[in-house]
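# A look at the structure
So the chains spell out like this:
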Amino acid sequence: MSNNLILKDISKSFDKFQAVEKINLEIKKGEFLTLLGPSGCGKTTTLRMVAGFEAPTSGEIIYNGKVINDLTPQKRNFGIVFQSYALFPHMKVSENVAFGLKMHKYPKDKIESRVDEFLDIVGLKKHKHKYPPELSGGMQQRVALARALAPSPEVLLLDEPLSALDAKIRVKLRAEIKELQTELGITTIYVTHDQEEALSISDRVVVMNHGRIEQIDKPVEIYKKPTSRYVADFVGTSNFFEGELNDGILKTKNCNITINNTNGIIAGNVTAAIRPEQIELIPEGAKINENVIEGKLIVIIYLGLIVRLIIRKNDHEIIIDILEKNFTKLELERGQNIKIHFPPTDFLIFNN
Amino acid sequence: MSTISTNNLQSKKKIFEDKYIVYIVGGLIGIFLLIFLALPVLNIIRLSLTEYLPKQHEFTGKITLANFIDYFKNPSMVQSLLNSLWIAIWSMLFTTVLAFIFAYGLTRTTIRWKKALYYIAMVPLVAPSMLQAMALISLFGSNGLITAGLLNTEWNIYGPNGIIISEVLYCFPHAMVILYTTLSAVDSRLDEAAASLGASGLSSFFKITIPTARYGIFSAAALVFNLAITDFGNPIIIGRGYKVLSTEIYLQVIGMQRFDLGTTVAVILMVPSILAFLLNYYFTKKSASMISSLANPEIPPSRPAKKWIFTIYSWFIAFVLLSIVGVIVYKSFVKVWMYNWTPTLSHFNFRIPGGMGVLWTSLWISLIVGFLGAFLTMLNGYIIEKKNPFFAQPLYLFSIIPAAIPGLVMGLGYILIFNTRFMNLDDILYGMPLLIIINVLVSNFTLGTLSSITNMKNIDNSMDEAATSLGAGITRTFMQVIFPLSKVSFMSNLIYYFMRSMVTVSAVIFLISPDVHLAAVSVINLEKDGKDGSSAAMSTLIMLVVILVLIVFGFFTRKKKEMTVIE
């Protein structure tokens, strides 16, 4: 059975609030799937339905060919990791990890070695006799991960596991989770609102909005070929131009833009999007005439590897990312006028 | 250039002044507590160790252990200690278990009408502390509605059983509040984590819920123990010859003028009371450390069976608590309980010194206590938490001790110092019931200060700093920034003080004088004189006044809440 976990027409409403609306999803065995979206988009509710904490209002959750809607969380054997760690504060680290093993009636003599094994994997063996509040946030989340994985769950569910941590630790632990997941080959559903996290860790990303799925794709596709304005806006940064498209020319309030790849859309009221790093600065004296705009450089944001420039043309602001080394070479200053060029092939077009 | 330096000088002067304002105000609160808390208590300890001449009613000044030796040699007196412990332990066990199940229902199940149940559970707080005993006697006494009327049995409720049941009903809301806070603060994701790891509901309850709430449970238990062992109103009404320490103090002092035995028993009562307080304090701190800031208030729908069980249980408790009040209200409107059920208002014609006026005395005294108490404790919380002068630690210590001292002991301490033939503070102030006001103020200083400190912790430190950097001095900062931000906390302290002052008996029973009578004390006197209709009527009026004032204050608080922005 290759289709390991299937959500079929899953909806969930709380009183009058529709949290999830007719979601369809297939998660393959061993896959790392991320539900990405802003708060309130239904991603956590979806995860909690898979875990068994919430019952779907309608639809079926199918695991290995069986409908598991009515199975209690205890019987699903899915491991879960929460944003708040949810470590048992009255138990030592080792007791926390042993808890699931005891509940699953592991032989007593094997529990200790298995606890040690998993604490070793997350690098916390020497802290096994401490209580959770004595550990840092990152350590606590590692314990929670070990606790969830120790009883060999069939699916691992992670609900914003890194959101409560510092930026540095977040990136480090992210890599560790990915490594561990690949090593164990465990089917994983990961919930986050952080697009960078989603893109860097997942096999596939599900972008959600208002309880619906906007797009399911590999990270690179999500970034390079968003299928809606919403995804283009939520994942990464985009410049948007609204206007009338006709014969490859987009007429906006401020200017006309030539667009070569129009996704088959020929004419109509559309939004064109272009990523900041696709826009080029035109050096003095270069002879490009098409898709050129001259504007005033109003903001320079120094980000290290790249530098973000914001250019104002009439009332429109355009964001451009250039490499730091180029920025230094050009000796740009705030307030000066610069010319920019939109490559006609780098646009994405969405119907309005 | 010159303007800058003068400004600088002025601001330096301001900081200098601010520091001294803190010293003076904090110092005054400290001295107030020294005089009206430490002095009377230490004096009681001193007198319990002093030789006494019973016939002359005089302490000789000679230091001796004779009072304690006499106490422990007299089996009937030792019995009062054992009785008190017996009462306190059983009250503690019953109340904690009953309140825990109730609080669990309110916090961890999806039963309906939770808010109504919560408020009903708080009802005993608005009643004078002997109301439970009075109601139980009306139902289960020798002439009780159920015992004599329905069952026609000789069995009655007087004695230890009656006291224990009264204490359980009296202490229920106190324990419930603590357990409610504890259970709603524990992260319910812990239960989910346990479930996903394979734990059943029951094993999750015993392995996760109970252990994580244990400090709250211990803290509630210790508080109930303290309340039950120091309560005076219920045992004096329903005890019938079953002596406990608090009634013993009263009888020795008022009945026999034996100040030696009174102070000795007071010291003996203070030992378990202080111990229970320390445990309560310790566990409350521990409990706070277990509370997760990420606590998740959402709870999944409970299974129907669970819902039914908790609904039935909760409403049974609510029914009992309301019946207690209902019986007394009903009793105040019938001619003679059990004999003549004709409706009447005659019980409201109080034939006691002061008549109906005692109610107004209680009301205005309680309003003064309320405003003064709320203001003083807020000031105190501000100084301790935000200004942190060098004496913050001892000031904090003195501020939390009052809860450990039984009100009765404090009252006794007051008459032994401030109301002697050498000095009578009340006389000096032309019959102002100053001692009563101060005693209620000091007796309840702990909770007021602690809740003020919590409130101050919630106000961002930068508020204070922002006001200072904008040029406001400390008085201005307090009055225009801190006070407006603390209005909700101020009102809740005010209400707390007001209620305590309206219903307390033990703290004031030694302090009433021929000029000043209080409603709650009149209830006891009426009941002891056999005018149980009138005592019920007075209780009804007390509850009515408290509820009316709560509604008025509640109205203000609600309006204020919308305006208050706390970090």
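Located above this text is the structure these notes cover.
So, a few notes on the structure that sits alongside this text. (Residues numbered from 1 in each chain as written. Chains lettered and ligands numbered in written order. Predicted model: local features only at pLDDT ≥ 70, side-chain atom pairs only at ≥ 80, totals over all residues. Heavy atoms only, no water.)

## Structural notes on the overall build of chain B
Defined as follows: In this text, helices come from DSSP runs of H or I with a minimum length of four residues, and strands from runs of E with a minimum of two, each type numbered from the N-terminal end. Here the globule rule is a power law, 2.2 Å times the number of residues to the power 0.38, and the radius of gyration is based on C-alpha atoms. Whether a residue is buried, partly exposed or exposed follows from its accessible area with a 1.4 Å probe, protein chains only, as a fraction of its type maximum: under 20%, in between, or over 50%, in that order. Two residues form a contact once any of their heavy atoms are found within 4.5 Å. Counting rule for charge: Lys and Arg are taken as positive, Asp and Glu as negative, and neither His nor the chain ends is counted. Where a charge lies is defined by one atom per residue type: Lys uses NZ, Arg uses CZ, Asp uses CG and Glu uses CD.
Along its length, chain B carries 25 helices and four strands. In summary, chain B has a C-alpha radius of gyration of 25 Å against a globular reference of 24 Å for 567 residues, a match within 12%. For chain B, the spread of C-alpha atoms along the principal axes amounts to about 95 × 70 × 50 Å. Scored against the burial criterion, the 567 residues of chain B give a buried share of 55%. In chain B, the share of contacts with a sequence separation of at least 24, taken over all contacts with a separation of at least 6, comes to 79%. Chain B carries 39 positive and 26 negative side-chain charges, and their two centres are separated by 5 Å.

## Focus: the interface of chain B and chain A
For clarity, the cut-off: Buried area counts how much accessible surface, traced with a 1.4 Å probe, disappears from two parts once they are put together, with both parts' losses summed. When a carboxyl oxygen of Asp or Glu lies within 4 Å of a side-chain nitrogen of Lys or Arg, that pair is called a salt bridge. Under the rule applied, a polar contact is a pair of N or O atoms within 3.5 Å (in protein, one hydrogen donor and one hydrogen acceptor; residues adjacent in sequence only if both atoms are side-chain atoms). In this classification, Asp, Glu, Lys and Arg are treated as charged, Ala, Val, Leu, Ile, Met, Phe, Trp, Tyr, Cys and Pro as nonpolar, and every other residue, Gly included, as polar.
Each side of the interface is counted separately: chain B has 22 residues, and chain A has 21 residues. Surface buried jointly by chain B and chain A totals about 2,000 Å² across both partners, of which 68% is contributed by carbon and sulfur atoms. Contact with chain A buries area across many residues of chain B, yet Arg189(B), Ser196(B) and Leu197(B) alone supply 31% of it, more than any other trio. Put simply, chain B and chain A have one salt bridge between them. Residue Arg48(A) pairs with Glu192(B) through a salt bridge whose shortest N-O separation is 2.5 Å. The interface formed by chain B and chain A includes five residue pairs in polar contact (both at pLDDT 80 or more). At the level of elements, α8 (189–196) and α9 (201–212) of chain B are the ones that each hand at least two residues to the side of chain B that touches chain A. The biggest single contributor to the side of chain B that touches chain A is α8(B), with seven residues. In terms of residue class, the side of chain B that touches chain A is built from eleven nonpolar, six polar and five charged.

## Some words on the pattern of salt bridges
Taken as a whole and judged by the stated rule, the model has 21 salt bridges over all chains. Two residues, Arg174(A) and Glu196(A), come together in a salt bridge whose shortest N-O distance is 3.4 Å. Here Arg174(A) is found in helix α6 (residues 167–184), whereas its partner Glu196(A) is found in helix α7 (residues 195–201), with 22 residues between them in sequence. Of the residues examined, Arg174(A) reaches a relative accessible area of 12% and is grouped as buried. The network of salt bridges with shared partners includes Lys12(A), Arg48(A), Glu54(A) and Glu192(B).

## Considerations on helix α23 (residues 487–503) of chain B
Residues and elements named next belong to chain B. The criterion, for reference: One fewer than the residue count of a helix, multiplied by 1.5 Å, yields its expected span.
Here α23 contains 17 residues, and its C-alpha end-to-end distance of 24 Å stays within 8% of the 24 Å for a straight helix at 1.5 Å per residue. Taking burial as the measure, the 17 residues of α23 include twelve buried ones, the bulk of the element. Turning to α23, its buried residues are Ser 489, Phe 490, Met 491, Asn 493, Leu 494, Ile 495, Tyr 497, Phe 498, Met 499, Ser 501, Met 502 and Val 503.

## As for the layout of surface pockets
To locate leftover empty space, one rolls a probe as large as a water molecule over the atoms. Residue and element names in this part refer to chain B. For the record, the criterion: Points on a 1 Å grid, built from protein atoms alone, make a cavity when a 1.4 Å probe fits but cannot get out and make a pocket when they are open with protein on both sides within 12 Å along at least 5 of 7 lines; residues with an atom within 4 Å of a point are the lining residues. Grid points are joined across faces, edges and corners, and a volume is the space filled by probe spheres set on the points.
Here the second largest pocket defines a volume of roughly 1,200 Å³. Forming the boundary of the second largest pocket are 38 residues, of which Gly 201, Pro 300, Pro 301, Arg 303 and Lys 306 lie nearest the centre. With six residues, the top contributor of residues to the lining of the second largest pocket is α9. Its residues placed into classes, the lining of the second largest pocket shows 18 nonpolar, ten polar and ten charged.

## Things to note about a positive patch on the surface
As a reminder, the rule being used: Patch building starts from residues that exceed 30% relative accessible area and form no salt bridge, then joins like charges within 9 Å and nonpolar side chains (Val, Leu, Ile, Met, Phe, Trp, Tyr) within 5 Å. Surface exposure here means Shrake-Rupley accessible area, sampled with a 1.4 Å probe, where a residue is shielded only by the protein chains that are shown.
Residues Lys102(A), Lys105(A), Lys108(A) and Lys207(B) make up a contiguous surface patch of positive charge. For Lys207(B), the location among the structural elements is in helix α9.

## So, the environment of Ile317(B)
Residues and elements named next belong to chain B. Topologically, Ile 317 is positioned in helix α14 (residues 304–331). For Ile 317, a relative accessible area of 9% gives the class buried. Ile 317 sits 277 residues away from Pro 40 along the chain, and the two C-alpha atoms are 40 Å apart.

## Let's talk about the packing of aromatic side chains
Residues and elements named next belong to chain B. The condition is simple: Note on aromatic contacts: the rings of Phe and Tyr and the six-membered ring of Trp form a pair at centre separations within 6.5 Å, being stacked when their planes are under 30 degrees apart, edge-to-face when over 60 apart, and tilted otherwise.
Evaluated as defined, the whole model comprises 45 aromatic pairs over all chains. Aromatic side chains Tyr 250 and Phe 510 sit 6.1 Å apart centroid to centroid with 40° between the ring planes, which places their arrangement in the tilted category. Here Tyr 250 is found in helix α12 (residues 245–256), whereas its partner Phe 510 is found in the loop between α23 and α24 (519–528), with 260 residues between them in sequence. The pair Tyr 250 / Phe 510 is uniform in exposure class, with both members buried. When the ring of Tyr 382 is compared with that of Phe 478, the centres are 5.0 Å apart and the planes differ by 50°; the resulting orientation is tilted.

## A look at the nonpolar core
This is how the line gets drawn: Think of a nonpolar core as a cluster: buried Ala, Val, Leu, Ile, Met, Phe, Trp, Tyr and Cys residues, connected wherever their side-chain atoms sit within 4.5 Å. Segmentation of the chain into domains, including their bounds, is taken from an automatic or database domain assignment.
Counting residues in each nonpolar core, the largest one holds 174 residues, and the members touching the most others are Met538(B) and Ile542(B). Looking at this core, you find at least three residues from each of domain 1 (1–48 + 337–567) and domain 2 (77–331) of chain B. Leaving out residues up to four positions away in the same chain, Ile542(B) has contacts with Val126(B), Pro128(B), Leu359(B), Met502(B), Val503(B), Ala519(B), Ala520(B) and Val523(B). Counting 41 residues, the second largest nonpolar core, distinct from the first, contains Leu5(A), Ala19(A), Val191(A) and Ile208(B).

## Regarding the pairing of strand β17 (residues 306–313) of chain A
A regular strand places its side chains so that they alternate between the two faces of the sheet. All names here are of chain A. The condition that has to hold: A pair of strands is considered paired only if DSSP assigns at least 2 bridges between the two.
One ladder, built from six bridges, connects strand β16 (residues 292–302) with β17; its direction is antiparallel. What sits directly across from Lys 296, in β17, is Arg 312. In textbook terms, the turn of a hairpin is the stretch between consecutive antiparallel strands, and for β16 and β17 this stretch comprises three residues, one of which, Gly 304, has a positive phi near 100°. Bridging between β17 and strand β18 (residues 316–323) involves eight bridges; their strand directions are antiparallel. Bridge pairing in β18 places Arg 308 opposite Asp 321.

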